[in-house]
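Coordinate inspection notes
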Amino acid sequence: MRIRTRIAPSPTGIAHVGNMYTALLNYAFAKSQEGKFILRIEDTDRERYVPGSEQVIFSALRWLGIQIDEGPEIGGPYEPYTQSKRLPIYVSHAQALVKKGKAYFCFCSPERLAAMRKSQQQRGKLSMYDGTCRRLTAAEAKKRAGSEKHVVRLKVPKTGSTSWRDLIRGDISFENFGLDDQVLLKSDGFPTYHLAVVVDDHRMRISHVIRAEEWISSTPKHILLFRAFGWKLPEFAHTPLLRNPDRSKLSKRKNPVSVVWYREHGFLPQALVNYLCLMGWSHPEGKEKFSLKEFIDNFSLERIQTTQPIFDVEKLRWLNGLYIRETKDQKLIGLLRPFVPKGAKASMLRRILPLIHDRIHTLEEFNDYAEFFFTKPQVDAKLLLKQSKHSQLETLRKLKEFMALLNTLQTGEFTAFKLEKRSRELAEDEWTPKKLFMTVRVAITGSTVSPPLFDSIHILGKTETIDRVKHAATILKTSS
Ligand code: GLU
């Protein structure tokens, strides 16, 4: 059997982490079996359609390194891969089912259906179509279809059960009496998800349907449809849903869920992919950090756990930090570009990077540490005094002394090592090095947290450093 998997996202505006997780598993499974991975856009629900979503999905997949073999952008033997461009296919398939007696026209108005549902609810019954139009004769239905608005419904058997062996969950079975006579084709000629997904999975030769567990209850309907058409069933595998750390379903209220958010906040695609690989799956050697290739080499659906994995952004940040740490400076400078001020010179970044490289967990954090190199900081007089633990006058005196020291240093002596050594000589009983260095730090960076002080001064240079200390002194002098 040729292995062909797919993802079939609906274009709702974002590349959801959950969808990308499903994509990753489909991709890994296909690639571990020398199969093909297909992207199909399920855009028949026009109310949920957000223009531009396809591009968002394509670029998220590309960014993550998940390559599609067939899809809307690149084409393939079963074009088109966008459902709204396949409408006549669904119509003819729905008609074929009616002809075979496996589906029927339903003329019930929305008002009648609403009243039916209400009465079912009041009587504590399952809310299901009551079969009124199922009982029409074929001739009667055909005649009315010529002039009356109608949908096409699947004739679901009312007895027996529908089962399958799920590749992740084992045997699953549904009693048919609980399954509704599903609408296949709406009155506007658009297919429902159920019809379109089955027709396309069949026509696109999908061998394995690997999708999130929220679709489990749809699967018996799909199986009945495959059978009604007389088609061979694909294999089904239902993957666990990702959860927020508080175990609620992954949602944007509690966690960023858009892949674009992660890209824009300085996560590396390799780290995000690696983290998604760890969702419900573990490396046979217990490794936490591994490449997509290694995932594919070791992948099997049976290794996927059914317990719902927690998607924890903090853990992802930690892993992202590991990836940043092993990225060479040269490469990292390129990656940092969108996160640093526009005019930042590469030579400057190259000098700053070694001071910060091991501290950051995301590319975005780089600027938190490095911004003062590019922009003069806001200095707060209160913060200066809090660090110096001296009076305003005394702090000013010390800052002046420090400036004088800088002035005496020749160019060749302006190294981090020399700077620190000479600055330590300024220490006095009441001016411990800690107090002095923290005061200077606030004066030149605006903050109590910064990369190593003397390395930073070295990079800023003598003139700029003196200028900043002078500026901080003026602020202190004019503060009350
Ligand atoms: N269009 C569905 C979605 O948005 C596809 C579900 C499936 O894979 O069958 O996820």
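Our structure is the block above this text.
Rules behind the numbers
- Residues numbered from 1 in each chain as written.
- Predicted model: local features only at pLDDT ≥ 70, side-chain atom pairs only at ≥ 80, totals over all residues.
- Heavy atoms only, no water.
- 1 Å grid on protein atoms, 1.4 Å probe; cavity = no way out; pocket = protein on both sides within 12 Å on 5 of 7 lines; lining within 4 Å.
- Points joined across faces, edges and corners; volume = space filled by probe spheres on them.
- Helix = DSSP H or I, 4+ residues; strand = E, 2+ residues; numbered from the N terminus.
- Nonpolar A, V, L, I, M, F, W, Y, C, P; charged D, E, K, R; others polar.
- Salt bridge = Lys/Arg side-chain N within 4 Å of Asp/Glu carboxyl O.
- Buried < 20%, exposed > 50% of the residue type's maximum accessible area, 1.4 Å probe, protein only.
- Right-handed = clockwise from strand over helix to strand, strands pointing away.
- Axes fitted to C-alpha atoms, helices over the stretch in contact; angles between N-to-C directions.
- Parallel < 35°, antiparallel > 145°, perpendicular 65-115°, else oblique.
- Contact = heavy atoms within 4.5 Å.

We now examine the layout of surface pockets. Volume-wise, the largest pocket comes out at about 980 Å³. Lining the largest pocket are 35 residues, with S10, N19, R48, E214 and W215 sitting closest to its centre. Those elements giving two or more residues to the lining of the largest pocket turn out to be β1 (4-7), α1 (17-32), α6 (193-203) and β8 (208-212). With four residues, α1 is the single largest residue contributor to the lining of the largest pocket. A breakdown of the residues in the lining of the largest pocket according to their chemical character gives 15 nonpolar, eleven polar and nine charged.

Turning to the pattern of salt bridges, a few remarks are in order. With the rule as written, the count across this model stands at 33 salt bridges. The partner of D201 in a salt bridge is R40, and the shortest N-O contact between them spans 3.0 Å. Here D201 is found in helix α6, whereas its partner R40 is found in the loop between β2 (36-39) and α2 (53-64), with 161 residues between them in sequence. Judged on exposure class, the residue D201 and its partner R40 are both buried. When the shortest N-O distance is used, the salt bridge between D43 and R46 registers 3.3 Å. Beyond isolated ion pairs, a larger network of salt bridges with shared partners links R6, R40, E42, R86, D200 and D201.

A few words now on the pairing of strand β9 (residues 235-239). The buried fraction of β9 amounts to four of the five residues, a majority that puts the element mostly inside the structure. Crossover connection from β8 via helix α7 (residues 219-229) to parallel β9: handedness right-handed.

This part is about the packing of α1 against helix α9 (residues 269-277). Each pair of packed helices can be described by the angle between their axes along with the distance between the axes. Across the interface, α1 lies against α9 with an axial gap of 10 Å and an inter-helix angle of 75 degrees. Judged by the inter-axis angle, α1 sits roughly perpendicular to α9. Residue-level inspection shows V17, M20, Y21 and L24 of α1 in contact with α9, the latter providing V273, L276 and C277. The residue makeup of the contact of α1 with α9, split by class, is seven nonpolar, no polar and no charged.

Note that all results are geometric; they support no functional claim without further evidence.
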